[in-house]
Amino acid sequence: MKKVSLGILLALLTAACLRPVEFTTEKVWLTAPTGEKMQEQAPITFTPITNYSQGLTITGKWQVFEGIGVSLTESSAFVLACLPKEQREAVLKEFFSEEGANFPLVRTHIGACDFSVEGKYSLAEVPGDTLLTSFSLQRDKEGFSPSVYPQVLDSMYDLYHLMRDVAAIKASQADSTYKILASPWTAPAWMKDNNAYYERGNGVARGGKLLPQYYATYANYIVKFIQAYQQEGIDIWAVTPVNEPMGNDGGWESMDVSPQDEAKFIGHYLAPAIKQAGLSTKIFGFDQNTFEMGPYVSAIYGDSLARAATAGMAVHWYGSTISSFPDVLDSVYANHLDKLIIHTEGCVDNLGCPAWDAVTDPEGFTEENWFANDAFWWNKEATDWAYSTPFWPELHPKYAVVERYVTYLLEGIEHRMHGFIDWNMVLDKQGGPNHVSNFCGAPLMVDTDSKQLYYTPYYYALKQISNTLRPGDTIYTVSGKENTPLYGIASVNPQGKLAVQLYNHSDQPYTTSLTIGKWQASITIPAKALLTLVTPNEIGFLMY
């Protein structure tokens, strides 16, 4: 028989004795294509059930959630360097303070990635330097020359300063959670078999492989990054061995790592190096598209050393514009209940980019008119890399951006995804800078010449969920969604405050009942809208 502490027992007994006859929601928020952007709505009163109406019900409890966030990249730092200081500070508060979205998770890159302004660099550039005496954060600190980039207002602002500024905001408030997940896109070129950051051309398309003699050096390279930022007062919560180990056809910085090699690297090199350095940094495996996760799960969790050292799997969403692959998520979670699944990258990829060779609808492939135009983000105007190609076309139709984000989040979390990190927090109005013209959408897009800010509609959806689904909250199922146009999840925080997130996929308003324990209310979710309701404290403890 499990022991229950006296304090918990008293709290439960007190809550039961004080069960309210009815209750009214503390907050109701709406983000919708009719113009509402996390707009507060009239409160909803839940009354005792006297004549039960079949609808939605809050049921079984599942995983503890890690949070929602965005990525800090050199490109994002560049765009922020183009803003006046006061405007930049206001943007950062909007994203990371308790008065704004209060995102608790971020991802960043170790060395160059495609969202580096010029790319093709590492933090240890001296060939053969196995002791890594040349390791330096200088590339993260050096800023951008106004003579080269005249739109830049603060030439000394860079990725390091962005990470530092976010850390300062978090440290200044009660809700100080700031978890950074860092991923290298590649090892330094001199550690690889092709001595290059990536190759594309003359029949070659690859990132190259890490040479076996540099496994230990590469592990220490990642440790050096963790230690260097720690010395600056910025803790790195977790790392992945490499972004997208299956490669990107040599399009930008990358490194090809097989499932077996990643398991070996984690268990025999990276985990021991982290431990020897006295660090508590977590390791996540894989870091690519969810539906391709299987071989990496088998190799990493099938290796006793790698499994013991790995906190979970990192996944991306580029395998489909309409699915989070819930069957894959369920299977991995069911077989590895002690491991996390964190979504670490997703975006509107190839934004406005010309069609490539395999595209059969080149005119429809290339988006236009997305800056300061909410209609683009609410309607089925966006495409991804595989739209109208032979690569699973049924999984890659045109999509509405807000709907993709919200349905992916709610469906993914319902199927045991423990956290979600979006790609770049801010980009310029074209979706860059990106040194290989792989332009993408972002929550905030900026005209770096006029300094106009455009918060895209999906930013408000992420903000609405982030405000009401916090690290440490427990996820609950919303039952009764079958044969309805609804997506939904619920969560309870440590104080018993219940939050319910509901999205209506249809083109018409949808009315249903919502049952919370012994209470029920009728609710209406407008067409294509995200509705969030939050109860008073203790309600989440009184559902059963």
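Note: the structure precedes this text.
The following refers to the structure shown. Since we're looking at a predicted model, the values are computed, not measured. (Residues numbered from 1 in each chain as written. Predicted model: local features only at pLDDT ≥ 70, side-chain atom pairs only at ≥ 80, totals over all residues. Heavy atoms only, no water.)

**A look at the pattern of salt bridges**
Short version of the rule: Salt bridge, as used here, is a side-chain nitrogen of Lys or Arg placed within 4 Å of a carboxyl oxygen of Asp or Glu. Put simply, DSSP marks the helices as runs of H or I at least four residues long and the strands as runs of E at least two long, and each gets a number from the N terminus on. Accessibility here uses a 1.4 Å probe with only protein chains present; expressed as a share of the type maximum, an area under 20% marks a residue as buried, one over 50% as exposed, and anything in between as partly exposed.
Applying the stated rule across the entire model yields 20 salt bridges. Across the salt bridge formed by E345 and R107, the nearest N and O atoms sit 2.8 Å from each other. Of the two residues, E345 sits in strand β14 (residues 340-345) while R107 sits in strand β7 (residues 105-110), which places them 238 residues apart along the sequence. Of the two residues, E345 and R107, both sit in the buried class. Residue K528 is joined to D507 by a salt bridge in which the shortest nitrogen-to-oxygen separation is 3.9 Å. One end of the pair, K528, is in the loop between β25 (519-525) and β26 (530-534); the other, D507, is in the loop between β23 (498-504) and β24 (510-516), with 21 residues separating them in the sequence. For D507, a relative accessible area of 60% gives the class exposed. Three or more residues joined by partner-sharing salt bridges are found here, namely R107, D287 and E345.

**What about the sheet that holds strand β1 (residues 23-24)?**
Heads up, the rule is: In this scheme, strands are said to pair when DSSP sees at least two bridges between them.
Taken in spatial order, the 11 strands of this open sheet run β1-β4-β25-β24-β5-β21-β22-β23-β26-β2-β3, and their pairing is mixed. In the strand order of this sheet, the two ends are held by β1 and β3 (39-40), each with one partner. Both strand β21 (residues 474-479) and strand β22 (residues 486-492) contribute to a ladder of 4 bridges, which runs antiparallel. Residue pairing for β22: Y476 is matched across the bridge by A490.

**Comments concerning the nonpolar core**
The cut-off we apply is this: Only buried residues count toward a nonpolar core, which is a set of Ala, Val, Leu, Ile, Met, Phe, Trp, Tyr and Cys residues joined through side-chain atoms within 4.5 Å. Working rule for contacts: check all heavy atoms of both residues, and any pair within 4.5 Å makes them a contact.
L72, F95, F96, Y218, Y221, W377 and M425 are the most contacted members of the largest nonpolar core, which totals 132 residues. If one sorts the elements of this core by residue count, helix α6 (residues 215-231) sits on top with 10 residues. Residue contacts for F95: discarding those within four places in its chain leaves V70, A101, N102, F103, M425, P443, L444, Y455 and Y459.

**Thoughts on the environment of G517**
Tracing the backbone shows G517 in the loop between β24 and β25. By relative accessible area, G517 is classed as partly exposed at 22%. The sequence separation of G517 and L542 amounts to 25 residues, and the corresponding C-alpha distance is 6.6 Å.

**Looking at the layout of surface pockets**
Empty space among the atoms can be located by rolling a probe the size of a water molecule over them. Heads up, the rule is: A cavity here means a set of 1 Å grid points, computed over protein atoms only, where a 1.4 Å probe fits but cannot escape. A pocket is an open set with protein on both sides within 12 Å along at least 5 of 7 lines, and lining residues have an atom within 4 Å of a point. Grid points are joined across faces, edges and corners, and a volume is the space filled by probe spheres set on the points. When residues are sorted by character, Ala, Val, Leu, Ile, Met, Phe, Trp, Tyr, Cys and Pro go into the nonpolar class, Asp, Glu, Lys and Arg into the charged class, and all the rest, Gly among them, into the polar class.
Counted as a void, the largest pocket has a volume near 980 Å³. Lining the largest pocket are 36 residues, with R200, N248, D249, W252 and W385 positioned closest to its centre. Taken together, the elements giving at least two residues each to the lining of the largest pocket come down to β10 (204-206) and β12 (282-289). A breakdown of the residues in the lining of the largest pocket according to their chemical character gives 17 nonpolar, 10 polar and 9 charged. Its boundaries defined by the atoms lining it, the second largest pocket holds a volume of some 260 Å³.

**Quick notes on the sheet that holds strand β20 (residues 452-455)**
Stated precisely, the cut-off is as follows: As a rule, the C-alpha atoms of each element are fitted with a line to give its axis, helices using only the stretch in contact, and angles between N-to-C directions run from 0 to 180 degrees.
Read across the open sheet, the 3 strands follow the order β18-β19-β20; overall the sheet is mixed. Two strands in the sheet have a free side with no partner beyond their single neighbour: β18 (426-428) and β20. Strand-to-strand twist in this sheet, taken as the mean axis angle between neighbours without regard to direction, amounts to 25°. Where strand β19 (residues 444-447) lies against β20, 4 bridges are found, and the strand directions are antiparallel. By the bridge assignment, V446 is partnered in β20 with L453. Running at roughly 70° to β18, helix α2 (residues 74-81) makes contact with β18 and β19 of the sheet.

**Re a nonpolar patch on the surface**
Where we set the bar: Like-charged residues within 9 Å of one another, or nonpolar side chains (Val, Leu, Ile, Met, Phe, Trp, Tyr) within 5 Å, are grouped into patches, provided each residue has over 30% relative accessible area and no salt bridge. Values of accessible area rely on a 1.4 Å probe in the Shrake-Rupley scheme; residue burial ignores everything except the protein chains shown.
A surface patch of nonpolar side chains, amounting to about 290 Å² of accessible area, comprises W356, F391 and W392. As for its placement among the helices and strands, W356 is situated in the loop between β14 and α11 (362-365).

**Here's the deal with the packing of helix α13 (residues 401-414) against helix α14 (residues 457-468)**
Let me state the cut-off plainly: Geometric relationships in this document are graded by angle, where less than 35 degrees denotes roughly parallel, more than 145 denotes roughly antiparallel, 65 to 115 denotes roughly perpendicular, and other angles denote oblique. Definitions for this section: a left-handed crossing has its near helix turned counterclockwise from the far helix by less than a right angle. A right-handed crossing has that turn clockwise.
Here α13 crosses α14 at 25°, and the two axes come no closer than 8 Å. Considering their axes alone, α13 and α14 lie roughly parallel with respect to each other. Judged by the twist between their axes, the crossing of α13 over α14 is right-handed. In this structure, α13 contributes V401, V402, Y405, V406, L409 and L410 to the contact, and α14 contributes P457, Y458, A461, L462 and I465. Tallied by class, residues from the contact of α13 with α14 come to 11 nonpolar, no polar and no charged.

**Side note on the packing of aromatic side chains**
Filter applied, for reference: For Phe, Tyr and Trp, where Trp contributes only its six-membered ring, two rings pair if their centres lie within 6.5 Å, and the inter-plane angle classes them as stacked under 30 degrees, edge-to-face over 60, or tilted in between. Whether a charge sits over a ring comes down to the Lys NZ or Arg CZ being within 6 Å of the ring centre and within 35 degrees of the ring normal.
Summed over all chains, the structure comprises 38 aromatic pairs. Taken together, the ring pairs in this structure connect W317, W370, F376, W377, Y405, Y408, F420 and Y458 into an aromatic cluster. R404 extends its terminal NZ or CZ atom over the ring of W317, reaching a point 3.9 Å from the ring centre.

**Points about α6**
Three- or four-residue spacings in an α-helix give side chains the same orientation, since the helix completes a turn every 3.6 residues. We count it as follows: By this rule, a helix spans an expected 1.5 Å times one less than how many residues it contains.
Along its 17 residues, α6 runs 24 Å from first to last C-alpha, staying within 8% of the 24 Å computed at 1.5 Å per residue. Inspection of α6 places Y215, T217, Y218, A219, Y221, I222, V223, F225, I226, A228 and Y229 among the buried residues, and these make up the whole buried set. Buried residues belonging to α6 abut β7, α4 (138-141), α5 (159-171), β8 (179-184), β11 (238-239) and α7 (259-276). Immediately downstream of α6, the backbone of G233 shows phi near 85°, a positive value.

**Concerning the environment of S466**
Counted only if it meets this: Pairs of N or O atoms within 3.5 Å make up the polar contacts considered here, provided that, within protein, one atom can donate a hydrogen while the other can accept it, and that residues adjacent in sequence are counted only when both atoms are side-chain atoms.
Secondary-structure assignment places S466 in helix α14. You can call S466 buried: its relative accessible area is 1%. A sequence separation of 21 residues divides S466 from Y487, and the C-alpha atoms of the two residues are 17 Å apart. Ignoring sequence-local partners within four residues, the contact set of S466 consists of I68, A101, N102, F103 and P104. Within polar-contact distance, the side chain of S466 engages the backbone oxygen of A101 at 2.9 Å.

**Here we look at the environment of T344**
You can see T344 is positioned in strand β14. Of the residues examined, T344 reaches a relative accessible area of 0% and is grouped as buried. For the pair formed by T344 and P104, sequence separation is 240 residues and the distance between their alpha carbons is 13 Å. For T344, the contacting residues outside a window of four places in its chain are S71, R107, L181, D287, A314, V315, H316 and I421.

**So, unusual backbone geometry**
The amide bond that connects G432 to the next residue, P433, takes the cis arrangement and shows omega of 5°. Turning to its location among the elements, P433 is positioned in the loop between β18 and β19. You will see that F286, though not glycine, has its phi angle at about 70°, which is positive. Note on placement: F286 falls in strand β12. With a relative accessible area of 0%, F286 lands in the buried category.

Everything listed here is a matter of coordinates, which is why it stays silent on function.
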